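Residue-level structure breakdown
Read off the chains here:
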Amino acid sequence: MPLLLLLLLLLFFLLPNAKCQTCGDTPSYPSGSFNVTLAGGNNRTFQLFTPWTEYECSSFCVGPPQEKRPLVINWHGCNAHVPVVAYQEQISRIEQSASDYGYYAITPVGSKEDLIDQFGWNTVGIQCGKFGEDDFVFAETLLDWAAENLCVDTARIYSTGFSTGAFHSNGLGCRMPNRFAGIAPIAGSFGRLYESECKQGSPVSVLSFHSRGDKTVPYDGNFEWLGQAEVTSLWEKRNGCTNETARVTYESETTICKRKECPGAPVEDCTLTGLDHCWVGGRSGGFESPGSCASQPGDIDATKHMFETWEREAQHL
């Protein structure tokens, strides 16, 4: 064997493999509960899921990601299901999909609204958190924490949420579009008072899910909240759509998803029939009787669909 080739082989086996090195100087945190301190001094809590990965290297490597990975932030609804993080994971199965696709997942904990004894968010058109808590500041602090402390691909950060959490995902897409690659609100809307604010701004990819049978956040809206068609139209105009033709991405006896490739960013809207106020395709994710959220044959799995969509869109980043 030539001497040069022998030396190269020795270097390959003796030197550490680059894939086993840390993500720059960023620490790698395992899954667990963490706190962040907001600018006003308030401490807020969130649950972190870190995907455990294996690496090919000179010796067996396993642990937190050493290469930049996407992040999804999963906002729970306004509820008193304690612990709220466990309930949100139970209905959404976001961490399960995050594990399958190698994403970090953060599930923030809302502040407590004492009058109604529930945990939630203060956001665009709905107030379910402690008076004075700014959940946009909380979101920004979480994003800064993730960028500093995780091996995160900051170009691939997503926001999803149910009910009030969907309102907040819409609000984050409206106010902080440059920090999110996409949002996926489920059974949410906008407050009408925020419509003019959110009509203009940078584009962001949107994937919405809503059932016509939703009694809590009505599909057709009310005097306070936009209907789903109005929400979709708002995002299409903001993302630059004019005469683009909608393409059907999913169709069954209970679900139809239509997608427009707007010049700025795509907008997709999945409409269901028969379900109440539910995490679509989840366990029992609503506030009504459990049967009202039981998945029907043909219902789209929102969690599966959003991850598949994000993976496809990432190929064009």
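The rules behind each value
Each chain has its residues counted from 1, running along the sequence as written. Where local features are concerned, this predicted model is filtered to residues with pLDDT of at least 70; where side-chain atom pairs are given and counted, the filter is 80 or more; whole-chain, interface and lining totals use all residues. Only hydrogens and water are set aside; all other atoms, that is, all heavy atoms of the structure, feed into the side-chain values. In this analysis, rings of Phe, Tyr and Trp, with Trp reduced to its six-membered ring, are considered paired at centre separations within 6.5 Å, and the interplanar angle assigns stacked below 30 degrees, edge-to-face beyond 60, and tilted for intermediate values. Each helix is a run of DSSP H or I of at least 4 residues and each strand a run of E of at least 2, with the numbering of both proceeding from the N terminus. Think of it in three bands: residues with accessible area under 20% of the maximum for their type are buried, residues over 50% are exposed, and the middle band is partly exposed, with areas taken using a 1.4 Å probe on protein chains only. When DSSP finds two or more bridges between a pair of strands, those strands are recorded as paired. The axes used here are C-alpha line fits, helices contributing only the stretch in contact, and every angle between their N-to-C directions lies in the interval 0 to 180 degrees. Roughly parallel here means an angle under 35 degrees, roughly antiparallel means over 145, roughly perpendicular means 65 to 115, and every remaining angle is called oblique. What makes a crossing left-handed is the near helix being turned counterclockwise from the far one by less than a right angle; a clockwise turn instead makes it right-handed. Whether two residues are in contact is decided by their heavy atoms: any pair within 4.5 Å suffices. Residue classes follow a fixed rule: Ala, Val, Leu, Ile, Met, Phe, Trp, Tyr, Cys and Pro count as nonpolar, while Asp, Glu, Lys and Arg count as charged, and any other residue, Gly among them, counts as polar.

1. What about the packing of aromatic side chains?
Summed over all chains, the structure comprises 17 aromatic pairs. Where Tyr29 meets Trp145, the ring centres are 5.6 Å apart and the plane angle is 35 degrees; that geometry is what we call tilted. You can see Tyr29 sitting in the loop between helix H1 (3-14) and strand S1 (32-37) and its partner Trp145 sitting in helix H4 (residues 135-149), a full 116 residues away along the chain. Owing to a relative accessible area of 13%, Trp145 belongs among the buried residues under this scheme. Grouped by ring-pair contacts, the aromatic residues Tyr101, Tyr103, Tyr158, Phe307 and Trp310 constitute a single cluster.

2. Overview of the sheet that holds strand S16 (residues 267-272)
Strands in a sheet are paired, the pairing made by backbone hydrogen bonds, and the direction either parallel or antiparallel. One open sheet accounts for 10 strands, arranged S1-S2-S6-S5-S11-S12-S13-S16-S15-S14; its pairing is mixed. Each end of this open sheet is capped by a strand with a single partner; those strands are S1 and strand S14 (247-251). Each strand axis lies, on average, 20 degrees off the axis of its neighbour in the sheet, ignoring direction. Looking at chain direction, strand S13 (residues 205-211) and S16 are connected through 6 bridges and run parallel.

3. Some points on the packing of helix H5 (residues 164-175) against helix H7 (residues 228-238)
Helix-helix packing: each pair is described by the crossing angle between the helix axes and the interaxial distance. In the contact formed by H5 and H7, the axes pass within 12 Å of each other and the chain directions differ by 20 degrees. One finds that H5 runs roughly parallel with respect to H7. In this structure, H5 crosses over H7, and the sense of that crossing is left-handed. On H7, the residues touching Asn170, Gly173 and Cys174 of H5 are Val231, Trp235 and Arg238. Partitioned by chemical class, the residues of the contact of H5 with H7 number 3 nonpolar, 2 polar and 1 charged.

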